[in-house]
Amino acid sequence: MSGHSKWATIKRKKGKLDAERGRMFTRLIKEITVAARSGGGDPEGNPRLRTAISAGKSANMPADNIKRAIMKGTGELPGTTYEETTYEGYGIAGVAIYMEAVTDNKNRTVAEIRHIFTRFGGNLGENGCVAWMFDKKGIITVDANVCDEDTLMEIALEAGASDMSKEGAVYEIITPWGEMEKIKEAIAKKSIPIASSEVTMIPQNYIKLNEKQAESMLKLYEALEDHEDVQKVHANFDIDEKVMEKLAG
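Described below are features of the structure shown in this document. None of these values were measured; they are calculated from a predicted model. (Residues numbered from 1 in each chain as written. Predicted model: local features only at pLDDT ≥ 70, side-chain atom pairs only at ≥ 80, totals over all residues. Heavy atoms only, no water.)

1. Thoughts on the overall build of the protein chain
To be explicit about the condition: Per the convention used, a helix needs a DSSP run of H or I reaching at least four residues, while a strand needs a run of E reaching at least two, with both numbered from the N terminus. Restricting the calculation to C-alpha atoms gives the radius of gyration, and the globule rule supplies 2.2 Å times the number of residues raised to the power 0.38. Burial classes: relative accessible area under 20% of the type maximum marks a residue as buried, over 50% as exposed, and values in between as partly exposed (1.4 Å probe, protein chains only). Contacts were defined at the residue level, with two residues in contact if any of their heavy atoms lie within 4.5 Å. In this description, accessible areas are obtained by the Shrake-Rupley approach with a 1.4 Å probe, and a residue is regarded as covered only by the protein chains that are shown.
A count of helices and strands for the protein chain gives 9 helices and 10 strands. For a compact globule of 249 residues, the expected C-alpha radius of gyration is about 18 Å, and the protein chain comes in at 18 Å, within 12% of that figure. In terms of overall dimensions, the protein chain has C-alpha extents of about 50 × 45 × 30 Å along its principal axes. Buried residues in the protein chain amount to 43% of all 249 residues. Once local pairs closer than 6 in sequence are excluded, the contacts in the protein chain between residues at least 24 apart make up 71%. Here the protein chain displays about 12600 Å² of accessible surface, and carbon together with sulfur accounts for 48% of that area.

Encoded structure:
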């Protein structure tokens, strides 16, 4: 298993799921707007928009909010002009950090991101310094209580998935990022509900952190995640379960 769930599992143990944060809708709206601007407002012909809308619905976002975000993206409604950008850097013990952001002011955002890195013992690097350490993949999750593992694995692998594993109460299916929608359709055709899906960056390897390093790294990671312009943060750190339980307690 590629280990995408390491930080997701950590967040669950810490009780800090994105759904508990007030900025979740803002992030989703930005993603829907940018997806509509880059690929058009018809989700049938725009897989990225289709995924963004699905994420919005999963988060119980009102349909009117989704509609307005699409119309702002297509220019049918006035709105802020957002730009997509990425930031890369290093955390404690050389941990690689890759961030996806959407901003209306790149100069402001990069200054604020640099300040966060400096404050928590990291370093903001140049574009390309760590991107090569990550692979772009699709992640599909299915609640473990809705079907058996063997059935789901057979469907997923036949449709082109790369891997699947059980992570807590969900099955996680890893896909080539360009094949994620096709694999979702294959699962849906078998009347198996999908809990979530996203395109993400999975580290090729991980750096194991001790308790002191883990405590510092989590502070940096959470500060970056909390920035209003940051959509996703990817990092290649690993924390032993016993250490994580101690920190979470």
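Here the narrative resumes.
2. Topic: the pattern of salt bridges
Here is the rule: Only one rule defines a salt bridge in this text: a Lys or Arg side-chain nitrogen within 4 Å of an Asp or Glu carboxyl oxygen.
On inspection of all chains with the given rule, the structure shows 11 salt bridges. A salt bridge links Glu179 to Lys182, with the nearest nitrogen and oxygen atoms 2.9 Å apart. For Glu179, a relative accessible area of 32% puts it in the partly exposed group. For Lys182, a relative accessible area of 45% puts it in the partly exposed group. Three or more residues are tied together by salt bridges with common partners; here these are Lys30, Asp104, Arg108, Glu112 and Asp229.

3. Brief notes about unusual backbone geometry
Among all residues save glycine, negative phi is the norm, and among peptide bonds the norm is trans. A positive phi angle is found at Asn60, which is not glycine, with a value near 60°. Its location among the elements puts Asn60 in the loop between helix H3 (47-58) and helix H4 (63-74). Among the residues examined, Asn60 registers a relative accessible area of 66% and is labelled exposed. Although it is not a glycine, Ala93 sits at a positive phi angle of roughly 60°. Note that Ala93 resides in the loop between strand E1 (83-90) and strand E2 (96-103).

4. Some points on the sheet that holds strand E7 (residues 196-203)
We count it as follows: Note on pairing: DSSP must find at least two bridges between two strands before they are called paired. For helices, the fitted line uses only the C-alpha atoms of the stretch in contact; every axis is such a line through C-alpha atoms, and the angle between N-to-C directions lies from 0 to 180 degrees.
As summarised here, the arrangement of the 4 strands in space is E5-E6-E4-E7, forming an open sheet in which the pairing is antiparallel. Only two strands of the sheet have a single neighbouring strand rather than two, namely strand E5 (163-167) and E7. Across this sheet, the average inter-strand angle for adjacent strands is 30°, counted without regard to direction. Two elements, strand E4 (residues 134-143) and strand E6 (residues 170-176), share 7 bridges in a ladder whose sense is antiparallel. Counted as the bridge partner of Asp143 is Val170 from E6. Contacts between helix H6 (residues 149-159) and the sheet are confined to E4, E5 and E6, with E5 contributing the most and set at about 150° to the helix.

5. Description of the packing of aromatic side chains
In plain terms, the rule: Stacked, edge-to-face and tilted are the three classes for Phe, Tyr and Trp ring pairs, Trp counted by its six-membered ring, which pair at centre distances within 6.5 Å; planes under 30 degrees apart are stacked, over 60 edge-to-face, the rest tilted.
By the definition in use, this model includes 2 aromatic pairs. Between Tyr98 and Phe134 the ring centres are 6.1 Å apart and the planes differ by 40°, which places this aromatic pair in the tilted class. One end of the pair, Tyr98, is in strand E2; the other, Phe134, is in strand E4, and 36 residues separate them in sequence. Classification of Tyr98 as buried rests on a relative accessible area of 12%. In this structure Phe134 comes out as buried when scored by relative accessible area, which is 5%. Considering the side-chain rings of Tyr221 and Phe237, the 5.6 Å spacing of their centres and the 80° angle between planes classify their relative orientation as edge-to-face. Of this pair, Tyr221 sits in helix H8 (residues 211-226) while Phe237 sits in strand E10 (residues 237-239), placing them 16 residues apart in sequence.

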